[in-house]
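Inside the fold
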Amino acid sequence: MEVTTAFGNEDAAAMVAELRRNFASGKTRSYEWRVTQLKKIVKMVEERESEIVDALRSDLNKPAFESVVYEISMLKSSCKVALKELKQWMKPQKVKTTIVAFPSSAEIVAEPLGVVLVISAWNYPILLSLDPVVGAIAAGNAVVLKPSEIAPATSSLLAKYVKEYLDNSAVRVVEGAVPETSALLEQKWDKIFYTGNGRVARVVMSAAAKYLTPVVLELGGKSPVIVDPDVNLKISVRRIIAGKWGCNNGQACISPDYIVTTKEFAPKLVDTLKRELERFYGSDPLQSNDLSRIVNSNHFDRLERLLDEDKVAGKIVHGGQRDKAQLKIAPTLLRDVPLDSLMMTEEIFGPLLPIITVDKLEDSYEIIMSRAKPLAAYLFTNRKDMKNQFVKTVSAGGLVINDSAIHLTVHGLPFGGVEESGTGSYHGKFSFDAFSHKKAVLYRSFMGDAFVRYPPYTHGKMRL
Ligand code: NAD
């Protein structure tokens, strides 16, 4: 697949300067421009659906179901929410004033930030590229999208069709890898929205610091799942499978990373997981058409390193089959993996699922909270006290009780991490807010001028 490589500092500077001129013309601020562009995104993904599905098949062997449901439909749903709510979001929001400012009125005016950069990741390369762009456009900005070079078919499709469908005077795609992204990061942006890993997030944040550019960092982490024995086991297991292997074969930022359950309950849980996995993916899952492959050989090698570490030897209780030539790894369950192993200290981001056991379920919290705060955390239980304790105790980007991964479909919930799993959030109105400046505006009248605020500052005035 062809990737534009001749894109250096000067090209990036010229492009940003042009976008700044176009932004300054005011065209992107109008409600009509925003609505037109959002509708064109919907039109683009509807008309190009089969090409998108093919590109995702080529980059990840992503099943068409997952491409349509989790990438295209979710993107369309974001656009539809923005189209429906935009007028309301753009309206200045009245706030109460104080006696000190009497008489006056006050409002918060949302204004676009200017020219913003979106750097996206490979695992949901349509959704993670265009969903932030929806927010940037809804808020009235000019935007440059840099898709991930690790999903090259999708990257080139985005470059082609964004150019064809959207207003190129304000919306651009730059393809490329580290050199092109570095050239982009040299420029002054009004916001940088980055999705990917924490190492590169530090590069992004350092580049942003040079111009005091605000950032949104959508990162990952080890998202735990606590399974209480008091639970509907079959439904719980199915929902864990859907959030793990049913989302890009575990290559998802909110994928269940490890399970914690009691020693007593673990055999029952493992048996049910095995049975349902076999029901969904057959007895030879490497042949299943319903599982994405591992994106490339680097990530395949990374997952093999986790599996082949000495500390993990003999811990596989299900799966473990792999085929490097086809970049496939079967859904794999492991039991009692040491907490200091690579598998339990690094984000797995693949089809491996360790099951950790504890004497009492309450002991899960120490395991979870001794690690970096994850992007998501899941609990399966019927017990109300357990739910309350979980919400009170666990700090993560988002929590889901009795399901996994599904919270990102709820537009009213902010989607983002905390500490190492990211900063800032988006989805629904949060996307609009992420790309807006909330300008404080106070309207005073010339009436009721309080002489007390002017010198001379007498003792009596101070006590008034
Ligand atoms: P990636 O390799 O596609 O990298 C992300 C982006 O960073 C790409 O556009 C890439 O070109 C750019 N990049 C890479 N190296 C760079 C450098 N040195 N300088 C500047 N830019 C550089 O994606 P990835 O990081 O492998 O993605 C996986 C990670 O992302 C996981 O940790 C996952 O949890 C996280 N993730 C988070 C979300 C979320 O919404 N929070 C979504 C998907 C993935």
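Bear in mind that the values here come from a model prediction, so they are computed numbers and not experimental data.

Read across the sheet, three strands follow the order 1-2-18 without closing on themselves; strand pairing throughout is antiparallel. One side of each edge strand has no neighbouring strand; the edge strands of this open sheet are strand 1 (93-95) and strand 18 (436-444). Taken pair by pair, the neighbouring strands of this sheet meet at an average axis angle of 30°, ignoring direction. Strand direction decides the pairing type here: strand 1 and strand 2 (residues 104-112), joined by three bridges, are antiparallel. Residue Gln-93 lies in a different strand from strand 2, and its bridge partner there is Ile-108.

Another aspect to go through is the nonpolar core. Counting 125 residues, the largest nonpolar core has Val-116, Val-118, Val-134, Val-143 and Val-204 as the members making the most contacts within it. Apart from residues no more than four positions distant in its own chain, Val-143 is found in contact with Val-116, Val-118, Val-133, Ala-136, Ile-137 and Val-171.

Note on placement: Asp-54 falls in helix 3 (residues 49-60). Its 16 C-beta neighbours within 10 Å are what place Asp-54 among the partly exposed residues. As for Asp-54 and Phe-390, which are separated by 336 residues in sequence, their C-alpha atoms are 41 Å apart.

Turning to helix 4 (residues 64-90), a few remarks are in order. Every α-helix winds through 3.6 residues per turn, so residues three or four apart in the chain are directed the same way. Spanning 27 residues, helix 4 covers 36 Å between terminal C-alpha atoms, matching the ideal 39 Å at 1.5 Å per step. For helix 4, the principal kink sits at Lys-84 and spans about 50°. Restricting attention to buried positions, one finds in helix 4 the residues Glu-66, Ser-67, Tyr-70, Glu-71, Ile-72, Met-74, Leu-75, Ser-78, Cys-79, Val-81, Ala-82 and Leu-86. Buried residues belonging to helix 4 abut helix 2 (31-47), helix 3 and helix 5 (127-138).

Attention shifts here to the UniProt feature "domain: Aldehyde dehydrogenase" (unreviewed entry) in the protein chain. The sites that UniProt annotates as "domain: Aldehyde dehydrogenase" (unreviewed entry) are residues 7-441. Structurally, residues 7-441 is divided into 43% helix and 19% strand, and its ends, taken at the C-alpha atoms, are 41 Å apart.

What follows deals with the site of the ligand. Taken together, 28 residues are adjacent to the ligand, and Ser-148, Gly-196, Asn-197, Gly-220 and Cys-253 come closest. The dominant element in the shell around the ligand, judged by the number of residues it contributes, is helix 7 (residues 178-185), at three residues. The residue makeup of the shell around the ligand, split by class, is 13 nonpolar, 11 polar and four charged.

Quick look at the UniProt feature "active site" (unreviewed entry) in the protein chain now. The residues that UniProt annotates with the feature "active site" (unreviewed entry) are Glu-218 and Cys-253. In summary, the annotated positions, though distributed over 36 residues, converge in three dimensions, the widest C-alpha pair being only 9.0 Å. With respect to the secondary-structure elements, Glu-218 resides in strand 7 (residues 215-218). The buried category is assigned to Glu-218, around which 27 C-beta atoms lie within 10 Å. Every residue in contact with Glu-218, bar those within four places of it in the chain, is listed here: Tyr-194, Thr-195, Gly-416, Gly-417 and Gly-422. On the secondary structure map, Cys-253 appears in the loop between helix 9 (233-244) and strand 9 (256-262). In this structure Cys-253 touches Gly-220 and Leu-375, once residues within four positions along its chain are discounted.

Quick notes on the rules
- Residues numbered from 1 in each chain as written.
- Predicted model: local features only at pLDDT ≥ 70, side-chain atom pairs only at ≥ 80, totals over all residues.
- Pairing = 2+ DSSP bridges.
- Helix = DSSP H or I, 4+ residues; strand = E, 2+ residues; numbered from the N terminus.
- Axes fitted to C-alpha atoms, helices over the stretch in contact; angles between N-to-C directions.
- Core = buried A, V, L, I, M, F, W, Y, C linked by C-beta atoms within 7 Å.
- Buried ≥ 20, exposed ≤ 12 C-beta atoms within 10 Å, placed from the backbone.
- Contact = placed C-beta atoms within 7 Å.
- Expected span 1.5 Å × (residues − 1).
- Bend = angle between axes of the 7 residues up to and from the residue.
- UniProt positions renumbered as here; feature names shortened; annotations may be inferred.
- Near = placed C-beta within 6 Å.
- Nonpolar A, V, L, I, M, F, W, Y, C, P; charged D, E, K, R; others polar.

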